[in-house]
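# Architecture and fold: a report
The primary structure of each chain is shown beneath.
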Amino acid sequence: MTSRNNAQRRTRGIAVLVASILLIIGLIAWIAVAHQTASPVDFKGEGNGEEQVVEIPEGSNISALGPELEERGIVGSNKAFQAAAASDPDSDNIQPGFYRLEKEMSAESAVSALLDPNKKVTPLQVYGGATLMDINVVGGQKREGILTMIQNVTCGSEMAQGCVDVERLNHVASDADAASLGVPEWAVETVDARKGDAKRLEGLIAPGEYIIDPGATAEQILTDLITRSAEVYNSTDIASRSENVGLSPYELLVAASLVEREAPAGEFDKVARVILNRLNEPMRLEFDSTVNYGLPNVEVATTDEDRQRVTPWNTYAMDGLPQTPIASPSVEALDAMEHPADGNWLFFVTVDKDGTTVFNDTFEQHQEDTRRAIDSGVLDSQR
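Residues numbered from 1 in each chain as written. Predicted model: local features only at pLDDT ≥ 70, side-chain atom pairs only at ≥ 80, totals over all residues. Heavy atoms only, no water.

## Digging into the packing of aromatic side chains
Our working definition: Each pair of aromatic rings taken from Phe, Tyr and Trp, with Trp reduced to its six-membered ring, is defined by centres within 6.5 Å and is described as stacked if the planes are under 30 degrees apart, edge-to-face if over 60, and tilted in the remaining cases. Secondary structure elements follow DSSP: runs of H or I of four or more residues count as helices, runs of E of two or more count as strands, with numbering from the N terminus. Classification of residues uses two cut-offs on accessible area relative to the type maximum, computed with a 1.4 Å probe and protein chains only: under 20% is buried, over 50% is exposed, and between them is partly exposed. By definition here, charges over rings are those cases where NZ of Lys or CZ of Arg is within 6 Å of the ring centre and within 35 degrees of the ring normal.
Scanning all chains against the criterion turns up five aromatic pairs. With a centroid separation of 5.6 Å and 70° between ring planes, the pair formed by Phe-287 and Phe-348 is classed as edge-to-face. Of this pair, Phe-287 sits in the loop between helix 11 (268-280) and helix 12 (288-293) while Phe-348 sits in strand 8 (residues 347-350), and the two are 61 residues apart along the sequence. For Phe-287, a relative accessible area of 4% puts it in the buried group. Ring centres of Tyr-293 and Trp-313 lie 4.9 Å apart, and the angle between their planes is 75°; on these two criteria the pair is classed as edge-to-face. Separated by 20 residues along the polypeptide, Tyr-293 in helix 12 and Trp-313 in the loop between helix 13 (304-307) and helix 14 (331-338) bring together distant segments of the chain. Summarising the burial analysis for this pair, Tyr-293 and Trp-313 share the class buried. Taken together, the ring pairs in this structure connect Phe-287, Trp-345, Phe-348 and Phe-359 into an aromatic cluster. We note Lys-199 situated over the ring of Tyr-293; from NZ or CZ to the ring centre the distance is 4.5 Å.

Written out as structure tokens, the structure is:
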């Protein structure tokens, strides 16, 4: 009798255990289904005004961005973001780059912002001949310098608080250690010797398109630009090719910046030859572009007074090359200095407003062509 009771109790215990296990499994299944069918967490509206810059890296896509947006409080959940992206047929058109979003955006608003061109950070465009500082053109518009261009990218049109502005960039350009900024080895000594002057970095940011992080510091931005530019310049084999024309790599960069500012399209190699011929004479370069570089207001025609000003760049008032580049030289300008045209020219002048440039061996010929330039209005001063 006792054995039978024990057996019955064991049977009832097993039945209770099995029922408990089934109940637990059912509860877990119900929670999972409920979780899957519940609406994902999502914010309402277009954000709370607190700007957040996000990046879609090259080779990535919008789906990979979701977890970061949730973690940073930009969207309520990755699940809501993925659903909003999947329901928008244009989401496949979102490109890599940096975007200005806000915290606490609805998932739909976040996707819409990523599709809005005004929310995408415009890449930095550095053109051949660009300068670090702004240039005031007499009778024309101000030409924005590279530092102002960077400010436009990092600060936007409304100058966001704490953004990297020209003042911060100037401070780093003037005082930071050259090597830490990515300055190529062949330029470090010269750049460090000019500490305190932001123009020491002139020419070290190569022309090109750059996607920069507006949330980075001034030092990080300049280091990124200079490091990438050093790779561009070194790719031309500047060290060995400069030796072939009797210049140091840094001097070749300086000379290439003169080519960029002085030579019309198609004549880079001829102007490069004039530079080398004059240095070999030796005779002063006497380029108006080097006069203008040290002036607050510039124009094609410089005055006698301007040409007499002693600056680190004015080649009317000094022998040899300027102490720094006067602009950002393109690879084409570097290539022209590395492979100058054959010729005995010592002079050149643009003689008409179509850009026709004449090269001469003698000063007498040059004077005749200079008169042609004056008669055509090319060398008229507006001051």
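## Examining the UniProt feature "site: Important for catalytic activity" (unreviewed entry) in the chain
Test applied: UniProt positions are given in the numbering used here, feature names are shortened, and annotations may be inferred rather than shown by experiment.
Mapped onto the present numbering, the UniProt feature "site: Important for catalytic activity" (unreviewed entry) falls at Glu-262. Take Glu-262: its relative accessible area is 18%, and that puts it in the buried class.

## Brief notes about the environment of Asp-224
Defined as follows: Any pair of N or O atoms that falls within 3.5 Å is considered a polar contact. Within protein, one atom must be able to donate a hydrogen and the other to accept it, and sequence-neighbouring residues count only if both atoms are side-chain atoms.
Mapped onto the elements of the fold, Asp-224 is located in helix 8 (residues 218-234). The exposure class of Asp-224 is partly exposed, given its relative accessible area of 30%. Each C-alpha atom of the pair Asp-224 and Ile-212 lies 8.3 Å from the other, and the pair is twelve residues apart in sequence. Among the polar contacts made by the side chain of Asp-224, one reaches the side chain of Arg-228 at a distance of 2.6 Å.

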